[in-house]
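Listed below are the residues making up each chain.
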Amino acid sequence: MKTSAAHSPRPAWSTPQAGPAPRILTAVPTCDGHDSAIMTVNLELVRRGVEVIYLGYHRSVADVVRAAIQEDVQGVGLSSYNGGHIEFFDEVLRRLRRFGARRIGVFGGGGGTITPADARLMKRRGVDQIFLAGAPLSGMADWVRRTYTPQPTLAAQRLYYP
């Protein structure tokens, strides 16, 4: 069977992405058992070439920060549907700084739980991005790739581009 490029049986998302893939840790905070949204986001990120390490739900700030540092991720994605998100995200940022991991970014969402006013406050306090209810998965994944894809060092560039 002959197919055109527009109707190729190979899905577009399976095409390898150019360059290194970002490593992202995702988790759901303590006392929040809502993990279907983060699982959907995780699948979209993986489909788009992002390496995802899912820590699970009911995770403490200490769990998230320790795993983010140990896994050497570029970003942490948090999904919060039960309130307390401002304090939880703040504490993650504080502990990342305290342990010398300022390079690790933090982003997240929470459906209708995180309001636009909360999102603005969280961004002023250092959160890279908050995705509100209705944000398209493709937009989230594209933003994660643009924001957290590691840039090759000069030494690595010389190895591949003499």
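Please read these numbers as outputs of a predicted model, since none were measured by experiment. (Residues numbered from 1 in each chain as written. Predicted model: local features only at pLDDT ≥ 70, side-chain atom pairs only at ≥ 80, totals over all residues. Heavy atoms only, no water.)

Engineer: Sorry if this is basic, but what is going on with helix H2 (residues 61-70) here?
Structural biologist: Helical periodicity: at 3.6 residues per turn, an α-helix aligns residues three or four positions apart in one direction. Turning to H2, its buried residues number three or more, namely Val61, Asp63, Val64, Val65, Ala67 and Ala68. Each element contacted by the buried residues of H2 is listed here: strand S1 (23-27), strand S3 (75-79) and helix H3 (85-98). Directly after H2, the chain includes Asp72, whose backbone phi takes a positive value near 55 degrees. (Buried < 20%, exposed > 50% of the residue type's maximum accessible area, 1.4 Å probe, protein only. Helix = DSSP H or I, 4+ residues; strand = E, 2+ residues; numbered from the N terminus. Contact = heavy atoms within 4.5 Å.)

Engineer: Help me out: how do you make sense of the packing of H3 against helix H4 (residues 116-124) in this one?
Structural biologist: To describe two helices that pack against each other, one gives the angle between their axes and the distance between the axes. With their axes 10 Å apart at the nearest point, H3 and H4 run at an angle of 15 degrees to one another. On the basis of the axis angle, H3 is roughly parallel to H4. In this structure, the crossing between H3 and H4 has a hand that is right-handed. Of the residues in H4, those in contact with His85, Ile86 and Phe89 of H3 are Asp118, Leu121 and Met122. When its residues are assigned to classes, the contact of H3 with H4 shows 4 nonpolar, 1 polar and 1 charged. (Axes fitted to C-alpha atoms, helices over the stretch in contact; angles between N-to-C directions. Parallel < 35°, antiparallel > 145°, perpendicular 65-115°, else oblique. Left-handed = near helix turned anticlockwise from the far one by under 90°. Nonpolar A, V, L, I, M, F, W, Y, C, P; charged D, E, K, R; others polar.)

Engineer: It is not clear to me how the sheet that holds strand S5 (residues 129-131) should be interpreted in this structure. Could you clarify?
Structural biologist: As a general point, the strands of a sheet are linked pairwise by backbone hydrogen bonds and lie either parallel or antiparallel. Across the sheet, 5 strands lie side by side as S2-S1-S3-S4-S5; this open sheet has parallel pairing. Because the sheet does not close on itself, it has two edges, and the strands there are strand S2 (51-54) and S5. Each neighbouring strand pair of the sheet contributes to a mean axis angle of 25 degrees, computed without reference to strand direction. Here S1 runs beside S3; their pairing, made up of 4 bridges, is parallel. Paired with Ala27 across the bridge in S3 is Leu78. Packed onto the sheet, helix H1 (residues 36-47) meets S1, S2 and S3 and runs at close to 155 degrees relative to S2. Of the strands in this sheet, S1 and S3 touch H2, which is tilted by about 165 degrees from S1. (Pairing = 2+ DSSP bridges.)

Engineer: Help me out: how do you make sense of the environment of Asp90 in this one?
Structural biologist: Summarising the element assignment, Asp90 is placed in helix H3. On the accessibility criterion, Asp90 (11% relative accessible area) is buried. With 37 residues separating them along the chain, Asp90 and Val127 place their C-alpha atoms 8.1 Å apart.

Engineer: Honestly, the side chain of Glu44 in this entry has me stumped. Any pointers?
Structural biologist: Locating Glu44 in the fold gives a position in helix H1. Not counting chain neighbours up to four residues away, the residues in contact with Glu44 comprise Leu137, Ser138 and Ala141.

Engineer: Help me understand the packing of aromatic side chains, please; the structure alone is not making it clear to me.
Structural biologist: The geometry of an aromatic ring pair is captured by the separation of the ring centres together with the interplanar angle, meaning the angle of the planes. Counting across every chain of the model gives 4 aromatic pairs. Arranged with centres 5.4 Å apart and planes meeting at 85 degrees, the rings of Trp143 and Tyr148 form a pair that is edge-to-face. No difference in accessibility class separates Trp143 from Tyr148, as the two residues are buried. Among the aromatic side chains, those forming a connected cluster through ring pairs are Phe107, Phe131, Trp143 and Tyr148. (Phe/Tyr/Trp six-rings, centres within 6.5 Å; stacked < 30°, edge-to-face > 60°.)

Engineer: Looking at this model, I keep getting lost on the environment of Thr26. Mind explaining?
Structural biologist: Mapped onto the elements, Thr26 comes out in strand S1. Judged by its relative accessible area of 1%, Thr26 is buried. Residues Thr26 and Met39 lie 13 residues apart in sequence; the distance between their C-alpha atoms is 9.2 Å. The residues contacting Thr26, other than those within four sequence positions of it, are Ile38, Asn42, Val52, Ile53, Tyr54, Leu55, Gly56 and Gly77. Reaching out from Thr26, the side chain makes a polar contact with the side chain of Asn42 at a distance of 3.0 Å. (Polar contact = N/O pair within 3.5 Å; in protein donor to acceptor, adjacent residues only side chain to side chain.)

The values reported here are purely geometric and, on their own, carry no functional implication.
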